[in-house]
Amino acid sequence: MLLGIKELDAGYGDVQVLWGLNLKVEEKQIVALVGSNGAGKSTLLKVISGLMRPYRGQILFRGEDITRTPPKEIVRKGIVHVPEGRRLFPQMTVEENLVMGAFRRRKDKDIRPELARVYELFPRLKERRLQKAGSLSGGEQQMCAIARGLMSDPRLLIIDEMSLGLAPVIVDDLVEILKEINSRGTAILLVEQDVQLALSNSHYGYVVATGRLVMEGPSEELLQSKEIKEAYLGM
Amino acid sequence: MLAQIVINGILKGGLYALMAMGMSLIWGVMDIINIAHGSFIMLGAFTTYWLFTLLGIDPFVSLIFSISILFVIGYGIQKYLINLIIRASAFITLILAFGIEIFINNAALVAWTADVRKVKVAYGASNFSLGDWVTIPTVRLLAFMLVIVIGTIFFFILNRTDLGRSIRSTAQDLDAAQLVGVDVARTYALTFGLGVGAAGAAGTLWSILFPISPMMGGILTLKSFVVVIIGGLGSMLGPILGGLTLGVAEAMGSTWFGSTYENLISFTILVLVLILRPKGILGGAD
Ligand SMILES: Nc1ncnc2c1ncn2[C@@H]1O[C@H](COP(=O)(O)OP(=O)(O)OP(=O)(O)O)[C@@H](O)[C@H]1O
Ligand SMILES: [Mg+2]
């Protein structure tokens, strides 16, 4: 097991958002986490990456308890969280953003091979490497956000709402790139409101509603299930 | 005549720029309006005064000490005080900075009395002429050149070092900076240290050119504030442009209306800028 979440309770001050959540990601898997607006998906990701502390529960990564580890250590251990809304450094160039992605490891390692690998995955970014990140198109910003995440060579890549606001063709491209990244050995946790997209491009899926886990299973089975079809796919 | 006034204004404006650089950095990165900024300038000035008076250390040499001492003070204040409440509203940090200001000023009053003092260096009165019209006091030119050197170092730190990258990323997106692994608490402490260290440098240069006293800080905070507003937040060009503007405007105003109006001029400019260009002359970065 790569990532294991056990009985997690979390929230903002007195407002509890997550209730006894359990979730697992195996090595080299693509796992989908779906649910409607306000279900608590982004909150869970903030807890995993250390931006928020949970009330209760445990997070294990490669057998190690990382429940109250600060974000900078989490990154070093190999979890990268590409946040909702891209969140690039707008006044920095594309390349500076990518270099920032390797912030935790630049001292011990030459990052040029990483940079070359990322540019090979996203040739568009190479063309725009000297452009300010704030002036990129939505699709390019999402590419840059994913690429920045890859710069720290993660074992687990978590992407929040990748498809939001992007044209279908661009989303298709990004999905292909995610599969390529996954085939090179990186596990991916794909967090989406677009249930169809997430479940048809993952191995395993979890469904949350108002902070509770309501369903889980192999993604194909979830896609076929009556409840999912009715509640999320409008069929 | 006009050339002389403009040159006087530029020389003083350089010092204003240095004063504002520290305030602008702290404001832009952490959203703290550091009311105590002028008090740190005062501490820098007194560091130089005492090193000169007691140990005979040349004021220009004492820059190294005032910058280092104030850097450490700033780092400590952020790490052990402001970081504890940084998630609270901007109003709370404002109150805390206000408290720090009152504390520093009163401690300085108790320690050094309200006397106005002067650093009297032997070369203080020397000057040289350019053509028939312009006379330049040597210390002022020297101070101006040091402002350029310190500004360049500042620019280098912000744009070419890991610390600078941490600072800029934190300023641009706090969460994203944490997610790539920047230690935000440490970055904040170093940022405050840098800003206050720059105030220390400004204090040293101020003490060479003007009389000093424990209560000098208030008006300097206000002038730094005016300069930051004139230039706008978000780049180093802002304080430089704002400082030179204020310096020249004050020099012209006090020549034409008399030096009692000097402070009125800065606040007139402040009001005008707020009405006409609320994001500063440069228009702000966002
Ligand atoms: N900073 C915050 N302070 C207080 N409540 C918050 C905060 N952020 C989110 N919430 C609340 O927590 C709940 C879960 O929000 P979260 O962003 O985790 O949902 P989500 O599943 O990611 O939704 P979406 O699909 O819209 O991104 C919501 O009810 C939201 O209002
Ligand atoms: Mg969300």
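Here, the structure is the one placed above.
Once a new chain begins, its residue numbering starts again from 1 and follows that chain's sequence as written. Chains carry letters and ligands carry numbers; both start at the beginning, A for chains and 1 for ligands, and go up in the order they are written. For a predicted model such as this one, the threshold for reporting local features is a pLDDT of at least 70, and the threshold for listing and counting side-chain atom pairs is 80 or more; totals across whole chains, interfaces and linings nevertheless cover every residue. Side-chain metrics rest on all non-hydrogen atoms present in the structure, leaving aside hydrogens and water.

Draft legend 1. Spotlight on the overall build of chain A. By the criteria applied, helices consist of DSSP H or I runs no shorter than four residues and strands consist of E runs no shorter than two, each listed in order from the N terminus. Along its length, chain A carries 10 helices and 10 strands. Taken over the C-alpha atoms alone, chain A extends approximately 45 × 40 × 30 Å along its principal axes. Counting every position in chain A, which comprises 235 residues, the buried fraction comes to 55%. Residue contacts are counted whenever heavy atoms from the two residues lie within 4.5 Å of one another. Of the contacts formed within chain A by residues at least 6 apart in sequence, a portion of 66% connects residues at least 24 apart. The cut-offs for exposure are 20% and 50% of the maximum accessible area for each residue type, with area from a 1.4 Å probe on protein chains only; residues under the lower value are buried, those over the upper are exposed, and the others partly exposed.

Draft legend 2. Up close: the site of ligand 1. All names here are of chain A. In the region of ligand 1, 13 residues are neighbours, and Asn37, Lys41, Ser42, Thr43 and Glu84 sit closest. Within 3.5 Å is the distance limit for a polar contact, defined as a pair of N or O atoms, with the added protein rule that one can donate a hydrogen and the other accept it, and that residues adjacent in sequence qualify only through two side-chain atoms. Contact between ligand 1 and Ala39: an oxygen atom at 3.2 Å from a main-chain N or O atom of the residue. Taking Thr43, its side chain carries an N or O atom lying 2.5 Å from an oxygen atom of ligand 1. Isolated, ligand 1 exposes 630 Å² of accessible area, and the fraction of that covered by the protein chains is 62%. Across the shell around ligand 1, the residue classes break down as 3 nonpolar, 7 polar and 3 charged. Any residue with at least one heavy atom within 4 Å of a molecule or strand is counted as near it. Each accessible area value is a Shrake-Rupley result obtained with a 1.4 Å probe; residue values ignore everything except the protein chains displayed when judging cover. Basically, the charged four are Asp, Glu, Lys and Arg, the nonpolar ten are Ala, Val, Leu, Ile, Met, Phe, Trp, Tyr, Cys and Pro, and anything else, Gly included, counts as polar.

Draft legend 3. Quick peek at helix α10 (residues 237-257) of chain B. Residues and elements named next belong to chain B. An expected span of 1.5 Å times one less than the residue number is assigned to each helix. The terminal C-alpha atoms of α10 lie 29 Å apart, and with 21 residues this matches the ideal 30 Å at 1.5 Å per residue to within 8%. Gly238, Pro239, Gly242, Gly243, Leu246, Gly247, Val248, Glu250, Ala251, Gly253 and Ser254 are the residues of α10 that are buried. As for α10, its buried residues are in contact with α1 (2-30), α9 (217-231) and α11 (262-276). Once α10 ends, the next one or two residues include Gly258, with phi positive near 100 degrees.

Draft legend 4. Spatial organisation of the sheet that holds strand β2 (residues 15-25) of chain A. All names here are of chain A. Strand order in the open sheet formed by 4 strands is β2-β1-β4-β5, and the pairing between neighbours is antiparallel. With one partner strand each, in any of the chains shown, β2 and β5 (64-65) form the two edges of the open sheet. When DSSP finds at least two bridges between two strands, those strands are taken to pair. Sheet analysis places strand β4 (residues 56-61) next to β5, joined by 2 bridges and oriented antiparallel. Residue pairing in the sheet places Leu60 in a bridge with Asp65 of β5. Between the N-to-C directions of two axes lies an angle of 0 to 180 degrees, each axis being a line fitted to C-alpha atoms and, for a helix, fitted only over the stretch in contact. Set on the sheet, helix α1 (residues 41-48) makes contact with β1 (3-12), β2 and β4; between it and β1 the angle comes to about 110 degrees.

Draft legend 5. Representation of unusual backbone geometry within the structure. All names here are of chain A. Even without glycine at this site, Glu7 takes up a positive phi of about 50 degrees. Within the element layout of this structure, Glu7 appears in strand β1. Residue classification places Glu7 among the partly exposed residues on the basis of a relative accessible area of 49%. Even without glycine at this site, Arg87 takes up a positive phi of about 55 degrees. In this structure Arg87 comes out as partly exposed when scored by relative accessible area, which is 29%.

Draft legend 6. Local environment of the packing of helix α3 (residues 94-101) of chain A against helix α6 (residues 138-150) of chain A. Residues and elements named next belong to chain A. Two elements in contact, α3 and α6, have axes separated by 7 Å at closest approach and are oriented at 35 degrees. Judged by the sense of rotation from one axis to the other, the crossing of α3 with α6 is right-handed. Within the contact between the two elements, α3 uses Val94, Asn97, Leu98 and Gly101 and α6 uses Cys144, Ala147 and Arg148. When the residues that make up the contact of α3 with α6 are grouped by side-chain class, the tally is 4 nonpolar, 2 polar and 1 charged. Whether a crossing is left-handed or right-handed is set by the direction in which the near helix is turned from the far one by less than a right angle, anticlockwise for left-handed and clockwise for right-handed.

Draft legend 7. Representation of the pairing of strand β1 (residues 127-130) of chain B in the model. Residues and elements named next belong to chain B. With 4 bridges joining them, β1 and strand β2 (residues 134-137) adopt antiparallel strand pairing. Bridged to Leu130 within β2 is Val134. Joining the antiparallel neighbours β1 and β2 is a turn of 3 residues, in which Gly131 adopts a positive phi near 60 degrees.

Draft legend 8. Molecular detail of the interface of chain B and chain A. Each partner contributes residues to the interface: chain B has 17 residues there, and chain A has 21 residues. Computed with a 1.4 Å rolling probe, the buried area is the accessible surface lost when two parts are put together, summed over both parts. Across the chain B/chain A interface, buried area totals approximately 1800 Å², and carbon plus sulfur atoms make up 59% of it. Salt bridge, as applied in this entry: a Lys or Arg side-chain nitrogen positioned within 4 Å of an Asp or Glu carboxyl oxygen. For the interface between chain B and chain A, the tally reads 4 salt bridges. Here Arg168(B) and Glu96(A) are joined by a salt bridge, their closest N and O atoms 3.3 Å apart. Linking chain B with chain A are 5 residue pairs in polar contact (both at pLDDT 80 or more), by the criterion used here.

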